[in-house]
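Here's the letter readout for the chains.
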Amino acid sequence: MFEELNNIAGWSLKNLPTNKMILISDWNTDASFLLHHFLAFYLKANSKVVLAHAAQSFIHYNLACSRLGVNLERSRNNGDLIALNLLDASLQQYVEGSCENLSLDSEECLNFLFGDNSLKHLFKVLKRCVENTKDALIILDDVTLFLGLGVSQKDLNYFVHYMDVLCKSNNCTFVTLFHQNFAPNISEPSPYLCCQLYASYEIEVKGLESGYSKDVHGVLTLKTKETEGIKTYQPHKVMHYRLTDRSLQLLAPGTSSAVL
Amino acid sequence: MKKVTFTKRPAKGGAVQVHGTVVSLHNGLLLVSTGIPSLDSVLGGGVPLGSVFLLEEDVHTRFSTLLTKYFLAEGVTSGHGLYVASANVNPNVLLNALPKPTSMSSTRSSQQKNDNDMKIAFMYKDLPKNQSSLSGVSRYGHYYDISCNMDKSEVEKCDLKSLRLTDEISYGEGKNDMFRYTLKHLKQCINNSRYEMPQKNSGDQQLNVLRVVLPHFASPLWCGDKPDNIHNIVRFLHCLRAVARNSMIACLVTIPTHLYHENEVAMIRQLVDTSVELEAFVGEKNPVFKQYHGLLKIHKLPRLNSLVNFVPDSFDLAFELKRTKFIIEYMHLPPDISETASRQGMDETNDKLHPRSACGGVSLNKKLDF
């Protein structure tokens, strides 16, 4: 868990963001380290976590999060963590090919996730996972992958809307990752803007404009959308970050003319 | 018992040792060599097991074919299994022309001649990694002579599977299923042999690595007539990643990315673990580039099982094809931070070089005053 990021955003183990959607977006870089942060953060707070991973295998998350101080394997055995292996499910469906009607109660309906190229099955499975729990966290890695696999932009927008409704009704939080270098089809609403619409927090990660540097890895911008109360101006918090094996260091951008 | 393939942990029955692999110094992953020592050092030791390595081809495919041959030759000398699936060229044509491994003594004499030139200090990186021989385990990384071909008997010794995708094979519902057919065939080969991830940590198991090579992948011959080809390619790469993560394989995929739109290429890059592009100089060469034949651009480095990844000292890499070998070198040293060092020559070369993307440039922006 990245302490400095929590301090900046005003989160703590007692003040978890609930009922919200958090969007992590990146441009030409890989912001998946933030997913590990949320995994570790919520598991340390003893919340239930649903990890739907389509981009990496479970071992990757397990080993990466072990440096952050949580044991995903143990959490999975306890029941605190539900890991939906979309990577293997996609492979199985690709190789097997056929789409039979299975009852929704079985876990195998995941295999037919990509059957009709919409995300309805995935939504139903996620809904079932957080049914009777409060303050759960759903992590989906990642949303742009579905666009690459053939899900239409319209279907993705519907999915995000459904997830937002699920969060508000079940009091859970939804975190997902969006790679901004996906070029949208102009005739349909852009999925990135749609995600931004529903997200209460957005963490945007980019490389430095001045080029690659070993000490400062990039720029991290935290955008908060306050839905309660009246706030006339919400500045974005722009920080430079440096990622190490165990932590994320946030640095002030400084007043150099190259930055301002 | 936890799965042991990616990170080497001291297990009860002794450490997992697979010949032709080495444990990475940076993150404990098992690596296989690409066959070119300089490329291995740029990638942090080699290609991690269970990952997909994308080589973005140069326009005339001359150098990418050579790199593919190196990869296959390294597999033969390390005793790994080979799997080649190709739609364009007969895999046997590729396998008949692999570079011949040279013995240690001949390389040492040629190295001495190179040392006298002393052009760039990183020539020393070409020195062999393992000075001492490991008993029973073949060395990691070998040297090859591309002017001679490997003996066919050596190639036949290893476990070789190839797939030639021609019009005679029926793929199912049409040409779009060529991808699916290939993946099914690959998965079958893995299941039939001993390349699956070991479930239990039995120390007596003889583990071996399968090198999967897909040359000229996603070329027009692979793609059907429908406009959503990129989705088929993305789907295949996604499933290939799923297969790779569960098996002892290292994949090399070469794609002619210059045929695709930038956004499609970005999407392809997201689904592979390592992405390296070869840009050969064609036409009039900029004299700044001296004896090099092209640039090597790194677009993505593998970040498996950890938060950070290995980063080479510099991203300005160029390659050169000599008579007997192919080498990759750093183009110039990174700029010296101290004020007194004269950087006039450096600025001239930086101006002449092509403008780079935000993540790859080394040029110092004069506005910075740290």
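Residues numbered from 1 in each chain as written. Chains lettered and ligands numbered in written order. Predicted model: local features only at pLDDT ≥ 70, side-chain atom pairs only at ≥ 80, totals over all residues. Heavy atoms only, no water.

Caption draft 1: Quick peek at the overall build of chain B. When helices and strands are tallied, chain B shows nine helices and 14 strands. Relative to its full complement of 370 residues, chain B shows a buried share of 52%. Counting contacts in chain B only where the partners sit at least 6 residues apart, residues at least 24 apart contribute 72% of the total. When the accessible surface of chain B is split by element, carbon and sulfur atoms take 50% of a total near 17,400 Å². (Helix = DSSP H or I, 4+ residues; strand = E, 2+ residues; numbered from the N terminus. Buried < 20%, exposed > 50% of the residue type's maximum accessible area, 1.4 Å probe, protein only. Contact = heavy atoms within 4.5 Å. Areas by Shrake-Rupley, 256 points an atom, 1.4 Å probe, with all protein chains shown as cover.)

Caption draft 2: Spatial organisation of helix H8 (residues 153-170) of chain A. All names here are of chain A. Taking 1.5 Å per residue, 18 residues should reach 26 Å; H8 reaches 26 Å between its end C-alpha atoms and fits that length. Listed in full, the buried residues belonging to H8 are Gln153, Leu156, Asn157, Phe159, Val160, Met163, Asp164, Leu166, Cys167 and Asn170. Check the buried side of H8 and you find it contacts strand E1 (21-27), helix H6 (120-129), strand E4 (137-141), helix H7 (143-149), strand E5 (173-179) and helix H9 (191-198). The positive-phi residue at the C-terminal boundary of H8 is Asn171, with phi of around 60°. (Expected span 1.5 Å × (residues − 1).)

Caption draft 3: Spatial organisation of the pattern of salt bridges. Residues and elements named next belong to chain A. In the structure shown here, the tally under the stated rule is 13 salt bridges over all chains. Between Arg67 and Asp245 there is a salt bridge, with its nearest N and O atoms 2.6 Å apart. Placement of the pair is Arg67 in the loop between helix H3 (58-66) and helix H4 (72-78) and Asp245 in the loop between strand E8 (237-243) and strand E9 (248-251), with a sequence separation of 178 residues. Salt-bridge contacts for Asp164 lead to Lys168; the nearest nitrogen and oxygen are separated by 3.0 Å. With a gap of four residues between them, Asp164 and Lys168 both fall in helix H8, about one helical turn apart. Salt bridges linked by common partners bring Glu202, Glu204, Lys206 and Lys223 together as one network. (Salt bridge = Lys/Arg side-chain N within 4 Å of Asp/Glu carboxyl O.)

Caption draft 4: Focus on the packing of H6 of chain A against H8 of chain A. Residue and element names in this part refer to chain A. At a minimum axis distance of 11 Å, the contact between H6 and H8 shows a crossing angle of 10°. On the basis of the axis angle, H6 is roughly parallel to H8. H8 is crossed by H6, and the crossing has right-handed handedness. Taking contact as the criterion, the partners of Leu122, Phe123, Leu126 and Lys127 in H6 are, on H8, Phe159, Tyr162, Met163 and Leu166. (Axes fitted to C-alpha atoms, helices over the stretch in contact; angles between N-to-C directions. Parallel < 35°, antiparallel > 145°, perpendicular 65-115°, else oblique. Left-handed = near helix turned anticlockwise from the far one by under 90°.)

Caption draft 5: Representation of the interface of chain B and chain A. Residue-level contacts link 45 residues of chain B with 46 residues of chain A. The contact between chain B and chain A buries some 4,000 Å² in all, and 60% of this surface belongs to carbon and sulfur atoms. Among the residues chain B hides against chain A, the three largest losses belong to Arg235, His238 and Leu307 of chain B. Together they make up 19% of the total. Joining chain B to chain A, the criterion identifies one salt bridge. One salt bridge connects Asp313 of chain B with Lys214 of chain A, and the closest N-O pair in it is separated by 3.7 Å. There are 13 residue pairs in polar contact (both at pLDDT 80 or more) connecting chain B and chain A. When residues of the side of chain B that touches chain A are traced back to their parent elements, those giving at least two are helix H6 (178-192), helix H7 (229-245) and helix H8 (262-270) of chain B. Broken down by element, the residue count for the side of chain B that touches chain A peaks at twelve residues, all from H7 of chain B. (Buried area = accessible area lost by both parts, 1.4 Å probe. Polar contact = N/O pair within 3.5 Å; in protein donor to acceptor, adjacent residues only side chain to side chain.)

Caption draft 6: Layout of the sheet that holds strand E12 (residues 294-300) of chain B. Residues and elements named next belong to chain B. Taken together, nine strands build an open sheet; the order of strands is E8-E5-E9-E10-E4-E11-E12-E13-E14 and the sheet is mixed. Two strands lie at the open edges of the sheet, namely strand E8 (160-164) and strand E14 (326-330), each paired on one side alone. If you compare each strand with its neighbour and ignore which way they point, the axes differ by 20° on average. Taken together, the five bridges between strand E13 (residues 317-321) and E14 define a ladder with antiparallel strand orientation. In the strand pairing of E14, Glu320 is matched with Ile327. Packed on one face of the sheet, H7 meets strand E4 (52-56), strand E9 (210-214), strand E10 (249-255) and E12 and runs near 160° to E10. (Pairing = 2+ DSSP bridges.)

Caption draft 7: Here's a closer look at H7 of chain B. Taking 1.5 Å per residue as the helical rise, H7 of chain B with its 17 residues ought to reach 24 Å, and the 24 Å between its terminal C-alpha atoms agrees with that figure. For H7 of chain B, a buried count of 16 out of 17 residues is recorded, marking the element as mostly surrounded by other parts of the structure.

Caption draft 8: Spatial organisation of the pairing of strand E5 (residues 81-86) of chain B. Residues and elements named next belong to chain B. In terms of burial, E5 is largely enclosed, as six of its six residues are buried. Side chains of E5 alternate between two faces, with Gly81, Tyr83 and Ala85 and Leu82, Val84 and Ser86 buried alike. Here four bridges tie E5 to E9, and the two strands are oriented parallel to one another. Of the residues in E9, the one forming a bridge with Tyr83 is Val212. Sheet topology note: the E5/E8 ladder contains five bridges and is parallel. Across the sheet, residue Ser86 finds its bridge partner in E8, namely Arg164.

Caption draft 9: Structural context of the packing of H8 of chain A against H9 of chain A. All names here are of chain A. Taken N-terminus to C-terminus, the directions of H8 and H9 make an angle of 10°; their axes are 9 Å apart at the nearest point. Classed by the angle they form, the pair H8 and H9 counts as roughly parallel. Mapping the contact onto sequence places Gln153, Leu156, Asn157, Val160, His161 and Asp164 in H8 and Pro191, Cys194, Cys195 and Tyr198 in H9. Across the contact of H8 with H9, the residue classes break down as six nonpolar, three polar and one charged. (Nonpolar A, V, L, I, M, F, W, Y, C, P; charged D, E, K, R; others polar.)

Caption draft 10: Highlighting the environment of Ile138 of chain A. All names here are of chain A. Along the chain, Ile138 turns up in strand E4. With relative accessibility at 0%, the residue Ile138 sits in the buried group. Counting along the chain gives 52 residues from Ile138 to Leu86, while the straight-line C-alpha distance between them is 14 Å. In this structure Ile138 touches Val50, Leu126, Val130, Met163, Leu166, Cys172, Thr173, Phe174 and Val175, once residues within four positions along its chain are discounted.

Caption draft 11: Representation of unusual backbone geometry. Across the junction of Asp141 of chain A and Asp142 of chain A, the peptide omega takes the value -20°, indicating a cis bond. Structurally, Asp142 of chain A can be placed in the loop between E4 and H7. Of note in the backbone geometry, Asn28 of chain A takes a positive phi value of approximately 60° without being a glycine. Within the secondary structure layout, Asn28 of chain A lies in the loop between E1 and helix H2 (33-44). Located in the positive-phi region is Ala218 of chain B, a residue other than glycine, with phi close to 60°. Checked against the element boundaries, Ala218 of chain B lands in the loop between E9 and H7.

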